[in-house]
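Now for the letters of each chain:
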Amino acid sequence: MADKPFNPVQAWQEVVQRWEHELNAWSGQFTKSEEFSAMIGQATKATVYAQKAMAEHTETVLRSLNLPSKSQIEELSERLAVIEDHIAQIKLQLGDGAPKPSGTEPRRTRTPKASSASDE
Amino acid sequence: MSEPLEILDPEVISKQVREEVDRALKRNIKGLDFLIADREPVGHMPKDALYRDGTAVLYRYRPLLDEIYRVPLLVVSPPTNRGYIFDLAKGQSFFEYLLQQGYDVYNLDWNPPRRDERNLDFDDYVGRFIPTALDLIAEQTGESDITLAGYCAGGTLATIYAAMEGAGRIRNLITLATPVDFTHMHLFQTWADKRYFDVDLLVRELELIPPEIMLGAFDLARPANRTAGRVNLWTNMWNDEFVKSYRMFDRWAAETLPIPGAYFGTLIKDLMWRNALVEGTLEICGQKIDLSRIEASILNIVAKHDHVVAHESTAPLMTQTSSQDREEIVSKGGHVSLVAGPSALRRLWPRVDEWLGRRST
């Protein structure tokens, strides 16, 4: 047989590919089950509650230290975003950044190449 | 099987050892570069913002040719993802390809929604952002016809809009990996199983649904992908093109956007649980959405190995619409391979051009 010589890197890649395929296939089966639905539903709920409890606790600690909390920084950030948004809208309305069609606009007369139109 | 004599051939072994030592050195040097490098730049085609309304931004990509097709093209990005996936890098950019073929390309893209946009719903995405974008494009181009396209959930929004408008200005509808029949979204169906998934709790407590909530489901469905990807990255660390491509896709995946709670609630309750788009019970802006009102020419593009959007979930586009001109392309590859990467450039996009060129004059 005229096979290629053994290539350890290629062999390694093939092992990784096979492992990836097999683990994904197994997981694909598992994620179709009702057990998965129940588990992920509970896990999502638990994550939300845990995040909320952690956020509230951290906020209390930060407030007692007279430091801004994440929600206060987020609030500031959102206000800035609103201001940026309004500036962008004003700029667009003033025509800054939104080019209107002009003499330099391309002609809208293009037709497809004859070969590609043949099988319509 | 390999010949034992070949395995032991000293010259072959010596050559392989030299190559491997060279690659190992490059891996180590480039591996360090990889760890300290800035984010890979993405989105290289020049564009102008025409409209901005909170999360929604409409871009026009600057035409490359002096003569372009009459009918402009609006591509709707999925609300969970950045639109630069359509313009990832030179030589593998969907938008660059379309511009080179002479299309006038617009993109309705999304910024991360702010907390005060938590109540944005399908009514806003379909009933406000899309028609506003269409009005502006019509005003700028002077054209009454348009090709509306969308990728993934962006395709779902485009489809709903096309059904809402009926016979109107949508001349062509192009859907890329677009879920319509949500009973075939198997992973999401089990993930958001009505019996166990408390969507109201998520919407109430989180207001904006963070991407981790959904990405977790993807990771569970394909748990080996991340690790195998890292292993492949290390193996190919000597290959600059591979590393660049990996970093661009990695950045895109890491920059998945949160979505407004109200939108998420409708997505889960109406589309996922009630399959309302196919059942004809979905209401947008007080109007029942009926897929049979779509009369535009349809090009439905699906990926053969898409583990997110199964082929079956796109089927109603080909069966429930009233269009007399429907075509489907099943492309090799996975979900993202339709809109980015060198293989789409070679195989898929020329077919899109062939279809769309004839319908854009």
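**Observations regarding the overall build of chain B**
Then, number 1: Helices and strands together make up the secondary structure of chain B, namely 14 helices and 12 strands.
Then, number 2: The C-alpha radius of gyration computed for chain B amounts to 22 Å, which stays within 12% of the reference 21 Å derived for 361 residues, consistent with globular compactness.
Then, number 3: Along the longest, intermediate and shortest principal axes, the C-alpha atoms of chain B span 75 × 55 × 40 Å.
Then, number 4: A buried classification covers 44% of the 361 residues belonging to chain B.

**Here's the deal with the overall build of chain A**
Then, number 1: On a plain count of helices and strands, chain A comes out with 4 helices and 0 strands.
Then, number 2: The order of helices and strands in chain A, counted from the N terminus, is α-α-α-α.
Then, number 3: Residues counted as buried form 7% of the 120 residues belonging to chain A.

**So, unusual backbone geometry**
All names here are of chain B.
Then, number 1: The phi angle at N275 is positive, at roughly 45°, despite the residue not being glycine.
Then, number 2: Its location among the elements puts N275 in the loop between helix 11 (261-273) and helix 12 (276-279).
Then, number 3: In this structure N275 comes out as partly exposed when scored by C-beta crowding, with 19 C-beta atoms within 10 Å.
Then, number 4: Not every positive phi belongs to a glycine, and C285 is a case in point at roughly 50°.
Then, number 5: Looking at the secondary structure, you find C285 in the loop between strand 9 (283-284) and strand 10 (287-288).

**Some details on helix 2 (residues 34-64) of chain A**
All names here are of chain A.
Then, number 1: Counted at 1.5 Å a residue, the expected span for helix 2 with its 31 residues is 45 Å, and the 45 Å between its end C-alpha atoms agrees.
Then, number 2: For helix 2, every residue scored as buried is listed here: F36, S37, I40 and T44.
Then, number 3: Looking at the residues trailing helix 2, positive phi occurs at N66, about 60°.

**Some points on the nonpolar core**
Then, number 1: In this structure, L74, I130, I160 and V339 of chain B are the most contacted members of the largest nonpolar core, which totals 104 residues.
Then, number 2: When neighbours within four sequence positions are excluded, I130 of chain B is seen to be in contact with V76, L108, Y125, L157 and Y161 of chain B.

**Observations regarding the pairing of strand 11 (residues 297-303) of chain B**
All names here are of chain B.
Then, number 1: Burial analysis of strand 11 places 7 of its 7 residues in the buried class, the great majority of the element.
Then, number 2: Because side chains alternate across strand 11, one face comprises the buried residues S297, L299, I301 and A303, and the other comprises I298, N300 and V302, equally buried.
Then, number 3: The pairing of strand 6 (residues 170-176) with strand 11 spans 5 bridges and is classified as parallel. Across the sheet, residue N172 finds its bridge partner in strand 11, namely S297.

**Regarding the interface of chain B and chain A**
Then, number 1: The interface of chain B with chain A comprises 55 residues on the first partner and 49 residues on the second.
Then, number 2: Counting only elements with at least two residues in the side of chain B that touches chain A, the list comes to helix 1 (4-7), helix 2 (10-36), strand 1 (47-53), helix 6 (186-191), helix 7 (199-206), helix 8 (211-221), helix 9 (223-235) and helix 14 (342-357) of chain B.
Then, number 3: Per-element accounting of the side of chain B that touches chain A gives the leading share, 7 residues, to helix 9 of chain B.
Then, number 4: Among the residues making up the side of chain B that touches chain A, the classes are represented as 24 nonpolar, 12 polar and 19 charged.

**A word on the confidence of the model for chain B**
All names here are of chain B.
Then, number 1: For chain B, the average pLDDT comes to 88, and 92% of its residues sit at 70 or higher.
Then, number 2: Mean pLDDT in chain B bottoms out at helix 1, which sits at 50, and peaks at strand 3 (residues 73-76), which reaches 98.
Then, number 3: Within the model, pLDDT remains below 50 along residues 1-5, and this stretch shows 8 contacts once partners closer than five positions in the same chain are excluded.
Then, number 4: If you check the scores for this complex, the pTM reads 0.81 and the ipTM reads 0.74.

**Topic: the domain arrangement of chain B**
Then, number 1: You can read the domains of chain B as domain 1 (4-36) and domain 2 (47-357).
Then, number 2: With centres defined by C-alpha atoms, the gap from domain 1 of chain B to domain 2 of chain B works out at 42 Å.

**Some details on the packing of helix 1 (residues 8-30) of chain A against helix 9 of chain B**
Then, number 1: The contact between helix 1 of chain A and helix 9 of chain B brings their axes to 8 Å, and the two run at 170°. Comparing their axes, helix 9 of chain B and helix 1 of chain A come out roughly antiparallel. Facing V9, Q13, V16, W19, E20, L23, N24 and S27 of chain A of helix 1 of chain A, the residues of helix 9 of chain B in contact are P223, A224, N225, A228, V231, N232 and T235 of chain B.
Then, number 2: For the contact of helix 1 of chain A with helix 9 of chain B, a count of residues per class yields 8 nonpolar, 6 polar and 1 charged.

**Looking at the sheet that holds strand 11 of chain B**
Residues and elements named next belong to chain B.
Then, number 1: The strand order across the open sheet built from 8 strands is 1-2-4-3-5-6-11-12, with neighbouring strands paired in mixed fashion. Where the open sheet ends on each side, the last strands, each with one partner, are strand 1 and strand 12 (326-331). Sheet twist, expressed as the average angle between the axes of neighbouring strands with direction ignored, equals 20°.
Then, number 2: Sheet analysis places strand 1 next to strand 2 (residues 56-61), joined by 6 bridges and oriented antiparallel.

**Points about the packing of helix 4 (residues 122-141) of chain B against helix 5 (residues 153-165) of chain B**
All names here are of chain B.
Then, number 1: Across the interface, helix 4 lies against helix 5 with an axial gap of 10 Å and an inter-helix angle of 65°. Comparing the axis directions of helix 4 and helix 5 gives the class roughly perpendicular. Where helix 4 crosses over helix 5, the handedness of that crossing is right-handed. On helix 5, the residues touching F122, Y125, V126 and I130 of helix 4 are L157, I160, Y161 and M164.
Then, number 2: A class-by-class count of the residues in the contact of helix 4 with helix 5 yields 8 nonpolar, no polar and no charged.

**Examining helix 4 of chain B**
Residue and element names in this part refer to chain B.
Then, number 1: Relative to the 28 Å expected for 20 residues at 1.5 Å per residue, helix 4 spans 27 Å between its end C-alpha atoms, a close match to the ideal helical length.
Then, number 2: Here helix 4 has its buried residues at F122, D124, Y125, V126, F129, I130, A133, L134, I137 and T141.
Then, number 3: G142 sits one or two residues past helix 4 and shows a positive phi near 75°.

**Focus: the environment of D48 of chain B**
Then, number 1: The residue D48 of chain B is located in strand 1 in this model.
Then, number 2: Sequence separation of D48 of chain B and Y59 of chain B is 11 residues, and the distance between their C-alpha atoms is 5.4 Å.

**Points about the confidence of the model for chain A**
Residue and element names in this part refer to chain A.
Then, number 1: Scored by pLDDT, chain A has a mean of 77; 83% of the residues are at 70 or more.
Then, number 2: Mean pLDDT values over the elements of chain A span from 53, in helix 4 (residues 114-117), up to 84, in helix 2.
Then, number 3: Predicted confidence for residues 116-120 stays below pLDDT 50, and this span has 6 contacts to residues more than four positions away or in other chains.

Cut-off values and rules
Going along each chain's sequence as written, the residues are numbered from 1 onward. In the order they appear in the text, chains get letters beginning with A and ligands get numbers beginning with 1. In keeping with the predicted nature of the model, local features appear solely for residues at pLDDT of at least 70, side-chain atom pairs appear and are counted solely at 80 or more, and the whole-chain, interface and lining totals rest on all residues. Numbering goes from the N terminus for both helices and strands, where a helix is a DSSP run of H or I of at least four residues and a strand is a run of E of at least two. Using C-alpha atoms as the atom set, the radius of gyration is obtained and then compared with a globule rule of 2.2 Å times the number of residues to the power 0.38. Three classes are used. A residue is buried when 20 or more other C-beta atoms lie within 10 Å of its own, exposed when 12 or fewer do, and partly exposed in between, with C-beta atoms placed from the backbone. To estimate the expected span of a helix, subtract one from its residue number and multiply by 1.5 Å. We define a nonpolar core as a collection of buried residues of the types Ala, Val, Leu, Ile, Met, Phe, Trp, Tyr and Cys that are connected via C-beta atoms lying within 7 Å of each other. Here contacts are defined at the residue level, using C-beta atoms placed from the backbone and a cut-off of 7 Å between them. Here, a strand pair is defined by DSSP locating no fewer than two bridges between the strands. Each residue is assigned to one class: nonpolar for Ala, Val, Leu, Ile, Met, Phe, Trp, Tyr, Cys and Pro, charged for Asp, Glu, Lys and Arg, and polar for all the others, Gly among them. As a per-residue measure, pLDDT tells how confident the predictor is, with possible values from 0 to 100. Source of the domain bounds: an automatic or database domain assignment. Each axis is a line fitted through C-alpha atoms, taken for helices only over the stretch in contact, and angles between the N-to-C directions span 0 to 180 degrees. By the definition adopted for this analysis, an angle is roughly parallel if under 35 degrees, roughly antiparallel if over 145, roughly perpendicular if from 65 to 115, and oblique otherwise. When the near helix sits turned anticlockwise from the far one by under a right angle, the crossing is termed left-handed; a clockwise turn instead gives a right-handed crossing.

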